[in-house]
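Per-entry structural report
What follows is the residue order along each chain.
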Amino acid sequence: MLIASKLYYFDTIESTNEYAKQLLDKEVPEGTVVLADTQTSGKGRLAKTWYSPEGGIWMSVILYPKDPALLSIAGAVAVCEALHVNGILPGIKWPNDILLNGKKIAGILVEVMENATIVGIGLNLNIRKFPLDLADIASSVFLETKKHLEKKMIYDHLCKSLDDCYKLLQNNLGKELLTKWRHYTVILGQKVMIDMAGKLVEGKVLDISNDGALVLMKLDGSIQRVPAGVCHMLKGR
Ligand code: BT5
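All of the points below concern the structure found in this document. Everything numeric here is computed off the predicted structure, so don't read it as measured data. (Residues numbered from 1 in each chain as written. Predicted model: local features only at pLDDT ≥ 70, side-chain atom pairs only at ≥ 80, totals over all residues. Heavy atoms only, no water.)

Turning our attention to the pattern of salt bridges. Under the criterion given, the structure shown has 13 salt bridges. As a salt-bridge pair, aspartate 163 and lysine 167 come within 2.8 Å of each other at their nearest N and O atoms. Placement of both aspartate 163 and lysine 167 in helix H5 (residues 151–170) is noted, with a separation of four residues, approximately one turn of the helix. Given the relative accessible area of 3%, aspartate 163 is considered buried. Put simply, Glu18, Lys21, Lys43 and Glu111 are held in one network by salt bridges that share partners. (Salt bridge = Lys/Arg side-chain N within 4 Å of Asp/Glu carboxyl O. Helix = DSSP H or I, 4+ residues; strand = E, 2+ residues; numbered from the N terminus. Buried < 20%, exposed > 50% of the residue type's maximum accessible area, 1.4 Å probe, protein only.)

All right, on to the packing of aromatic side chains then. By the definition in use, this model includes three aromatic pairs. Taken together, a centroid distance of 4.7 Å and an interplanar angle of 65 degrees make the contact between phenylalanine 10 and tyrosine 19 edge-to-face. Residue classification places tyrosine 19 among the partly exposed residues on the basis of a relative accessible area of 22%. With centroids separated by 5.6 Å and ring planes inclined at 55 degrees, the aromatic side chains of tyrosine 51 and phenylalanine 130 adopt a geometry described as tilted. With tyrosine 51 in the loop between strand E2 (33–39) and strand E3 (57–63) and phenylalanine 130 in the loop between strand E7 (117–123) and helix H3 (132–135), the pair connects residues that are 79 residues apart, well separated along the chain. Owing to a relative accessible area of 11%, phenylalanine 130 belongs among the buried residues under this scheme. What links up through ring pairs into an aromatic cluster is the set Tyr8, Phe10 and Tyr19. The aromatic ring of phenylalanine 142 is capped on one face by arginine 128, whose charged end is 4.2 Å from the ring centroid. (Phe/Tyr/Trp six-rings, centres within 6.5 Å; stacked < 30°, edge-to-face > 60°. Lys NZ or Arg CZ within 6 Å of the ring centre and 35° of its normal.)

Below, the structure is given as C-alpha cells:
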C-alpha cells in the first residue's frame, strides 16, 4: 500500500500540512503520512483555522499525482468509506466538507506545491465538546452517534480507502471516483449559493464534472461550471 508507506507521528504539532511541506525538501517517499493527536495551529482553507483537539484524526499525506484536480474528492470519499464500513453514513458537501446530521465532522485541505501535493484530512472522531463559535456548525462522530470508534482502526481504514481512491486517479479512472462521490454527496439536486471569492452564483446542482467542478443550473436556466468556491446550501429544491 502506497499510503502510509512511511509515518511521522506526533503527540502535538502546529499543523501536519505545514510539517509535510517541510518534509518535501527531504524527498520523502510518496504516501508519507504526518499524523498528530493534536494541532496547535491546524489550518482550513483560505487561512482559516481548524480546531484540532485530542480525539480527532489530523493527518497529511504527501503525494506526487499526475493531476491533483480530484484529490479533494478522493479525501472526502476516503473519509466516508472509512466511516461507512463502520455503519456510519456521512454526506459530502462540495467541495470538501463531510457532514453528519447536517454538521461538519471532517474537512479536507489540498495544497498543490511545485513538486508534490499535500492532502490534509481532519476528522472529528471522538471529540466531546466544541467551542461556542463552532458548536452550531461542527460536530464529531461520537457526538452524533454516541459510538466511540477506535482511532487506529478508523485511521487504518482511511489510509486503505485513500489508497484505493488514489490508485483510481493514477490509473486514469477518475470517473469511478466520481461515481463513489455521487453515492455520498448530499448536494445533487439541491439549491446552492456558491461564493467564488466574493462573486456569488446561485443555482441547482446538476452534477460534478470530470475535473471536479460543480455543474449548476442557474435561475435563468443557463448552465454554469463552478471550479472552486464556498458552497452554501439553500432551502428548497
Ligand atoms: C477545511 O477547511 O475544512 C479543511 C480542514 C483541514 C484540516 C486538516 S487537519 C490535518 C491537516 N493539517 C492542517 O493544518 N489542516 C489539515 P475549510 O473548509 O476552510 O473550513 C474551515 C472552517 O471550518 C473554519 O473557518 C470553521 O468555521 C470550521 N471549523 C474549524 N475547525 C473545525 C472542526 N474541527 N470541525 C468542523 N469545522 C471546523
